[in-house]
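Residue strings, one per chain:
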Amino acid sequence: MQRMAWLDAMRGFAAVVVALFHLSPYVIGTRNHLLIYEYFDLGKYGVLLFFLVSGYVIPMSLERHGSLRRFWIGRLSRIYPAYLFTVAVVVLLVAAGLGDLHPGLREETVAGALGQVTMLQDFVGVSGMITPFWTLSFEMAFYLIVAGLFAWNLHRLSAWWAAGLTLAAVTGGPMLPDALLGGTPGRRLLLAALLILLVAGCLGAYLSGRRPLVLAAGAAGIAFVLLPAVNGHATRWVVATASWQALLMLGVMFAGTVVHRLQHGEIPRRTAVAALTVVFLGCVFANRLHTGQPEELVRWVSVTTAVTITFVLGFALRERRMPAVLTWLGAVSFSIYLLHVVVLGLLKQVVPVEKAGPILFGLLFAGGTLLAAGFVHRFVEQPGQALGRALQRPPGIVLGPGEPLRAPAATEGSDAGTGSFGKAGQSV
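Just so you know, these numbers come straight off a predicted model, no measurement behind them.

A.B. asks: Tell me about the overall build of the protein, and please be specific about residues and values.
C.D. replies: A tally of regular secondary structure across the protein gives 19 helices and 0 strands. Over its C-alpha atoms the protein spans a radius of gyration of 20 Å, differing by no more than 12% from the 22 Å that the globule rule assigns to 428 residues. Here the C-alpha coordinates of the protein stretch approximately 65 × 55 × 45 Å along the principal axes. Looking at the protein as a whole, 56% of its 428 residues qualify as buried. Long-range pairs, those at least 24 residues apart, make up 82% of the contacts in the protein with a sequence separation of at least 6. Put simply, the protein shows about 17,200 Å² of open surface, and 70% of that area lies on carbon and sulfur atoms. Placing the 31 positive and 19 negative side-chain charges of the protein at their respective mean positions leaves the two points 7 Å apart.

A.B. asks: I'd like a rundown of unusual backbone geometry, residues and numbers included.
C.D. replies: Trans peptide bonds make up the majority, and among non-glycine residues the majority have a negative phi. The backbone of Met119 shows a phi angle near 70 degrees, a positive value even though the residue is not glycine. Although it is not a glycine, Asn153 sits at a positive phi angle of roughly 60 degrees. Tracing the backbone through its elements, the reader meets Asn153 in the loop between α8 (134-151) and α9 (158-172).

A.B. asks: Can you lay out the environment of Leu195 for me, pointing to particular residues and giving the numbers?
C.D. replies: Looking at where Leu195 falls in the secondary structure, it is placed in helix α10 (residues 185-208). On the basis of relative accessibility, which here comes to 2%, the residue Leu195 falls in the buried class. Considering only alpha carbons, one finds Leu195 and Leu120, 75 residues apart in sequence, at a separation of 8.0 Å. In this structure Leu195 touches Thr118, Leu120, Val124, Phe224 and Leu227, once residues within four positions along its chain are discounted.

A.B. asks: Go over the packing of aromatic side chains with me, naming the residues and quoting the values.
C.D. replies: In the structure shown here, the tally under the stated rule is 21 aromatic pairs. When the ring of Trp161 is compared with that of Phe254, the centres are 5.4 Å apart and the planes differ by 25 degrees; the resulting orientation is stacked. Taken together, the residues span a long stretch of sequence, with Trp161 in helix α9 and Phe254 in helix α13 (residues 243-263) at a distance of 93 residues. The buried category is assigned to Trp161, whose relative accessible area is 17%.

A.B. asks: Residues and numbers for the confidence of the model for the protein, please.
C.D. replies: Looking at the protein as a whole, the pLDDT averages 89, with 91% of positions reaching at least 70. Low pLDDT (under 50) marks residues 396-428, which in the prediction has 124 contacts with non-local residues, meaning those over four places away or in another chain.

A.B. asks: Quick one: what's the story with a nonpolar patch on the surface, residue by residue and with numbers?
C.D. replies: On the surface, a cluster of nonpolar side chains totalling about 450 Å² of accessible area is made up of Trp152, Leu154, Leu157 and Trp160. Position of Leu157 relative to the elements: it lies in the loop between α8 and α9.

A.B. asks: Which residues make up the packing of helix α4 (residues 68-95) against α10, and what values do they have?
C.D. replies: At a minimum axis separation of 7 Å, α4 and α10 run at an interaxial angle of 130 degrees. Here α4 lies oblique to α10, going by the angle between them. The crossing of α4 and α10 is left-handed. For the pair formed by α4 and α10, the contact residues are Leu68, Arg69, Trp72, Ile73 and Leu76 on the first element and Leu203, Tyr206 and Leu207 on the second. Looking at side-chain class alone, the contact of α4 with α10 contains 7 nonpolar, no polar and 1 charged residues.

A.B. asks: Let's hear about the side chain of Gln392: which residues, and what values?
C.D. replies: Within the secondary structure layout, Gln392 lies in the segment after α19 (358-391). Side-chain polar atoms of Gln392 contact the backbone oxygen of Arg70, separated by 2.7 Å.

A.B. asks: Can you tell me about the nonpolar core, naming the residues and giving the values?
C.D. replies: Trp72, Leu120, Phe138, Met140, Tyr206, Phe254 and Phe311 are the most contacted members of the largest nonpolar core, which totals 118 residues. Top contributing element to this core by residue count: α8, with 14 residues. Filtering out sequence-adjacent residues up to four positions away, Leu120 remains in contact with Gly115, Ser137, Met140, Ala141, Leu144, Leu195, Val199, Phe224 and Leu227. Residues Leu23, Val343, Leu347 and Ala356 belong to the second largest nonpolar core, which totals 9 residues.

Conventions used here
Residues numbered from 1 in each chain as written. Predicted model: local features only at pLDDT ≥ 70, side-chain atom pairs only at ≥ 80, totals over all residues. Heavy atoms only, no water. Helix = DSSP H or I, 4+ residues; strand = E, 2+ residues; numbered from the N terminus. Rg over C-alpha atoms; globule rule 2.2 N^0.38 Å. Buried < 20%, exposed > 50% of the residue type's maximum accessible area, 1.4 Å probe, protein only. Contact = heavy atoms within 4.5 Å. Areas by Shrake-Rupley, 256 points an atom, 1.4 Å probe, with all protein chains shown as cover. Lys, Arg positive; Asp, Glu negative; His and termini not counted. Charge placed at Lys NZ, Arg CZ, Asp CG, Glu CD. Phe/Tyr/Trp six-rings, centres within 6.5 Å; stacked < 30°, edge-to-face > 60°. pLDDT = per-residue confidence, 0-100. Patch = residues over 30% accessible without salt bridge, like charges linked within 9 Å, V, L, I, M, F, W, Y side chains within 5 Å. Salt bridge = Lys/Arg side-chain N within 4 Å of Asp/Glu carboxyl O. Axes fitted to C-alpha atoms, helices over the stretch in contact; angles between N-to-C directions. Parallel < 35°, antiparallel > 145°, perpendicular 65-115°, else oblique. Left-handed = near helix turned anticlockwise from the far one by under 90°. Nonpolar A, V, L, I, M, F, W, Y, C, P; charged D, E, K, R; others polar. Polar contact = N/O pair within 3.5 Å; in protein donor to acceptor, adjacent residues only side chain to side chain. Core = buried A, V, L, I, M, F, W, Y, C linked by side-chain atoms within 4.5 Å.

Okay, here's the thing in structure tokens:
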């Protein structure tokens with residue numbers, strides 16, 4: 001739909017930004033890359049923009065479906081096909097000697113493999129198979145929490161969640177444990193296995209549509225907020241620098257939800273503005289406050305301000321026709337986000353920048369990433385989404401207490417898949 005095209009444009013733009021962040025050391029040199037990073041973290045900018053868009057889209061998708069069953073079928077068919085395809089490609093490249101497993105996975109292979117199953121590997125404390133997977137942990141946790149709130153008819157409390165998570169991050173800070181649940185290899189292995197059972201149980205309950213099971217799954221889903229709160233940085237392989245920073249990123253996702261609520265008149269303007277202000281100020285000051293590094297204030301002021309301006313601009317232009325190139329990039333953004341680091345790693349093996357030169361290397365990267373993303377979107381993502389729509393055809397069961405029974409509706413932005421990635425200790 002044209003009125004949702006601005007979301008595609010935002011996703012496409014954010015995907016390109018993150019890809020350029022990872023390409024920049026090879027094109028402009030590491031020294032210049034780090035010089036820019038001192039004042040503006042392009043990776044963090046892309047990630048937070050993705051999270052805002054995701055926060056805006058996911059509740060809209062869930063509520064227009066009116067059914068947790070339909071929502072989860074749509075989500076799983078949207079993200080898992082391309083995700084599993086990427087896993088398979090990485091495994092094949094490693095087997096062919098054109099890549100290597102992340103050091104964290106080599107250290108804890110079994111726990112790492114189990115962590116990838118739920119996409120919650122960062123909250124287990126193990127590495128993703130490739131760096132981009134880290135934001136999928138936040139996406140999955142957000143889905144589970146929002147679905148749980150919907151099951152208990154608490155989903156319109158977005159402002160309280162956005163402000164509450166941010167305040168918990170700011171006030172809790174270093175007092176929040178980073179590895180309460182996954183401080184040792186054995187505990188991480190146990191946690192990874194337990195999360196598979198919990199997520200499978202929640203999904204099974206939602207798909208069954210039985211009210212007692214749905215409510216139990218909803219309570220478990222809400223409880224997933226404990227993962228970033230007490231196990232947000234169990235090992236050095238986790239991208240979030242601490243549990244408080246993990247909570248802060250969830251707060252940003254709920255800020256996107258607040259914008260959605262405000263737009264549709266579901267919360268008072270004063271409440272929404274207050275919550276968004278808390279999130280903005282929390283992002284600006286939390287890292288300086290808890291790390292003690294003055295340069296963090298500069299980076300977070302510049303990035304948070306830029307993300308806010310970009311999102312406000314996109315929202316203001318939501319009724320305008322978006323450039324076709326941006327909407328196409330938005331359609332393939334999930335594949336761009338998953339595959340661009342794979343393409344980058346392959347190019348470094350086959351056509352190193354020292355031989356190709358920075359300009360040719362950059363062009364090969366751009367062309368290879370777009371070709372790969374277009375291919376995966378056409379032959380992996382779209383068939384997966386078509387399967388999901390076929391599975392959704394039986395009448396949906398309204399699972400949110402107090403929600404009126406209604407026919408399944410086409411979901412605006414239901415194919416939104418946000419996420420991005422950065423370097424551990426460098427960019428959130």
